[in-house]
Amino acid sequence: MKFNKSILFAGALLLAASCSDDKFSDVIPLPDNTEESDNGEDNSPVIGARDEQYRPQIHFTPAANWMNDPNGMVYADGVWHLYYQYNPRGNDWGNMSWGHAVSTDLIHWQEKAVAMTPNQYGDIFSGSAIYDKDNVAGFGNGAILAFYTASGEHQQQCLAYSLDGGVTYTQYEGNPIIPNTDMPDFRDPKVFYHAESGKYIMALAKGWDCSIDFWASSNLKNWTKLSEFRTQNGRMNKGQWECPDLIKVPYNGGEKWVLIVSLNPGGPTGGSGTSYFVGDFDGTNFVADDLEYPLWLDSGSDNYAGVTWSNTPDGRNIYIGWMNNWNYAGNVPCNPWRSAMTLPRKLELVDMNGSPVLSSSVVKEIDGIAGDWTQAVNGICEGGDAYEMVVNLQPSEKSTFTVGNGKGEFITVNVNPGAQNIVISRNSSSGATSFNGSFSLPGISAPYDINEEKLELHFYVDNSSVELLSADGKTAITCLVFPTEVYDRISGVDEISYRRLSSIW
Ligand code: FRU
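Residues numbered from 1 in each chain as written. Predicted model: local features only at pLDDT ≥ 70, side-chain atom pairs only at ≥ 80, totals over all residues. Heavy atoms only, no water.

Considerations on the overall build of the chain
Point 1. In terms of helices and strands, the chain carries one helix and 33 strands.
Point 2. Here the C-alpha atoms of the chain give a radius of gyration of 22 Å, agreeing with the 23 Å that 2.2 N^0.38 yields for 505 residues.
Point 3. For the chain, the spread of C-alpha atoms along the three principal axes comes to 65 × 50 × 45 Å.
Point 4. Counting over 505 residues, the chain shows a buried share of 61%.
Point 5. Contacts spanning at least 24 positions in sequence make up 60% of the contacts within the chain whose residues lie at least 6 apart.
Point 6. For the chain, the exposed surface amounts to about 18,300 Å²; the carbon and sulfur share of it is 46%.
Point 7. Counting 32 positive and 61 negative side-chain charges, the chain places the averaged centre of each group 1 Å from the other. (Helix = DSSP H or I, 4+ residues; strand = E, 2+ residues; numbered from the N terminus. Rg over C-alpha atoms; globule rule 2.2 N^0.38 Å. Buried < 20%, exposed > 50% of the residue type's maximum accessible area, 1.4 Å probe, protein only. Contact = heavy atoms within 4.5 Å. Areas by Shrake-Rupley, 256 points an atom, 1.4 Å probe, with all protein chains shown as cover. Lys, Arg positive; Asp, Glu negative; His and termini not counted. Charge placed at Lys NZ, Arg CZ, Asp CG, Glu CD.)

Here it is in structure tokens:
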């Protein structure tokens, strides 16, 4: 479909004017050769070897071009769908479309044709998808319905449906399903079925207004506003609220509701971060428990805009995040692609110091690419594309060690029982950092539970990222790194075991 440059630009400029951190003002001018033919455009995926410097080997990346938020994650007919914010025409943010990848195991991904490109209402911003098994919306049994924000002059919610297993989408003729002309920020619809009230619920983020709207529908086309959630917690009112998700999570023999909210800027290390509230949802209002907020789903610098899959076959809450940060996402030294997703993670609620906290663990499907556990000799993990390394420590013992490579590039990990935190230092010793002044971070700090019997730290290491997840899942630190060679060793601790993770490409 031909799209209108002036709408895209007017929208981008208006949006830029409304954002004091000007995240969207970085809109790249469209190259001169972007006029599309009226015959439609070729959206076939670019197939590349994915073996360039810094190219992740166990994380999803598009072969070429810019990617940000994961979108429309849904499991349907044996296939895990991952859509994502994508610029089909370049390696910077712009021309926002939904790229598409599919998997049968959540680990190996196959890139498909771009699913949606900008239309008369604007760019295709973030959103979600559901599998309409029983034809509630009337487009057909088993249709996949995509809810997204069209971002043009205004941010409005739109619906598109796919009758071919998520490959192509038709725009619903009644769009926008939730029109909006007065709110500058009103986006990222996440839809789920709320069995207790028999209604579909949509969570929407209102950016600088620091609030989440809840809307309801029984036919997925007509929506009514239910309520608004905001907090008095000043720390959470410092940035834009984006990409909400409301999930039901088992806890202590019952269940709680967790409201995931991405915050930018104002994240745990500055820039972008993913926070959450724990509370109850009665089908109308979400009420947060009185806990010490903000709570971070990941205390690292590079896990943003993540939400969970819809319709998981076994009821797991499976999350994936954009492994980047708006502070420097446009400058990371990757070419011809930019940005990867985190590994998919299972979210659960566990107890920490008497309060519920989210725990994250990499999905068990990772075993499918894992070799046997081996003991590292001299701290070195030999060969292979990527690794899972495990370090065992006494929770009450202070320790400092590095994760790095033979080129003298490393990050430092400090375990501080007194402060009950783990601090990672990612400074100029970690590899390339000079591409953006805010990339060097001397103190990325995450809480850990010193009351656990052991502190078992798992490091998932790829060419340009380290994800630290404690075995109890309570500590999560995701950081990008750009070393000249993959980190393959730990020094400063004795017992290291590891298993190779083979390339997913
Ligand atoms: C989050 C976000 C969303 C928006 C999208 C635009 O990173 O800002 O709020 O829909 O990115 O690409």
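Points about the layout of surface pockets
Point 1. In this structure, the largest pocket encloses a volume near 860 Å³.
Point 2. Along the wall of the largest pocket there are 34 residues; nearest its centre are Phe 192, Tyr 193, Ser 310, Asn 311 and Thr 312.
Point 3. Breaking the lining of the largest pocket down by element, the ones donating at least two residues are strand E5 (123–132), strand E9 (187–194), strand E13 (240–251), strand E14 (254–264) and strand E21 (345–352).
Point 4. Counting residues per element, the lining of the largest pocket draws most heavily on E13, which supplies six residues.
Point 5. Residue composition of the lining of the largest pocket, by class: 16 nonpolar, seven polar and eleven charged. (1 Å grid on protein atoms, 1.4 Å probe; cavity = no way out; pocket = protein on both sides within 12 Å on 5 of 7 lines; lining within 4 Å. Points joined across faces, edges and corners; volume = space filled by probe spheres on them. Nonpolar A, V, L, I, M, F, W, Y, C, P; charged D, E, K, R; others polar.)

A closer look at the pairing of strand E29 (residues 455–462)
Point 1. Burial of E29 is extensive: eight of the eight residues sit out of reach of the surface.
Point 2. Of the two faces of E29, the one lined by Leu 455, Leu 457, Phe 459 and Val 461 and the one lined by Glu 456, His 458, Tyr 460 and Asp 462 are each fully buried.
Point 3. Strand direction decides the pairing type here: strand E24 (residues 386–393) and E29, joined by seven bridges, are antiparallel. Counterpart to Val 390 in the pairing with E29 is His 458.
Point 4. Bridging between E29 and strand E30 (residues 465–470) involves six bridges; their strand directions are antiparallel. Residue pairing in the sheet places Phe 459 in a bridge with Leu 468 of E30. (Pairing = 2+ DSSP bridges.)

Some remarks on the sheet that holds strand E20 (residues 337–338)
Point 1. Pairing in this open sheet of five strands is mixed, and the strands run E4-E3-E2-E1-E20 from one edge to the other. Only two strands of the sheet have a single partner each, and these edge strands are strand E4 (110–116) and E20.
Point 2. For strand E2 (residues 79–86) and strand E3 (residues 97–103), the ladder comprises seven bridges, and the chain directions are antiparallel. Paired with Gln 85 across the strands is Trp 98, a residue of E3.

Considerations on the confidence of the model for the chain
Point 1. Model confidence for the chain is summarised by a mean pLDDT of 92, while 91% of its residues fall at 70 or above.
Point 2. Predicted confidence is poor over residues 1–22, with pLDDT under 50, and the contacts of this stretch with residues over four places away or in other chains come to 51 contacts.
Point 3. Predicted confidence is poor over residues 25–40, with pLDDT under 50, and the contacts of this stretch with residues over four places away or in other chains come to 27 contacts. (pLDDT = per-residue confidence, 0-100.)

What about the nonpolar core?
Point 1. If you look at the biggest cluster of nonpolar residues, it comprises 37 residues, and the most contacted ones within it are Ile 212, Phe 214, Trp 241, Leu 259, Tyr 276, Phe 277 and Phe 286.
Point 2. Contributing elements (two or more residues each) for this core: strand E10 (199–205), strand E11 (212–217), E13, E14, strand E15 (273–281), strand E17 (295–296), E21 and strand E22 (355–362).
Point 3. Looking at this core, the element that brings in the most residues is E14, giving six residues.
Point 4. In this view, Tyr 276 contacts Val 258, Leu 259, Ile 260, Tyr 293, Leu 295, Trp 296, Leu 297, Val 357 and Leu 358; residues no more than four positions away in its chain are not counted.
Point 5. Counting residues in hydrophobic clusters, the runner-up holds 32 residues, among them Ala 376, Leu 393, Leu 441 and Cys 479. (Core = buried A, V, L, I, M, F, W, Y, C linked by side-chain atoms within 4.5 Å.)

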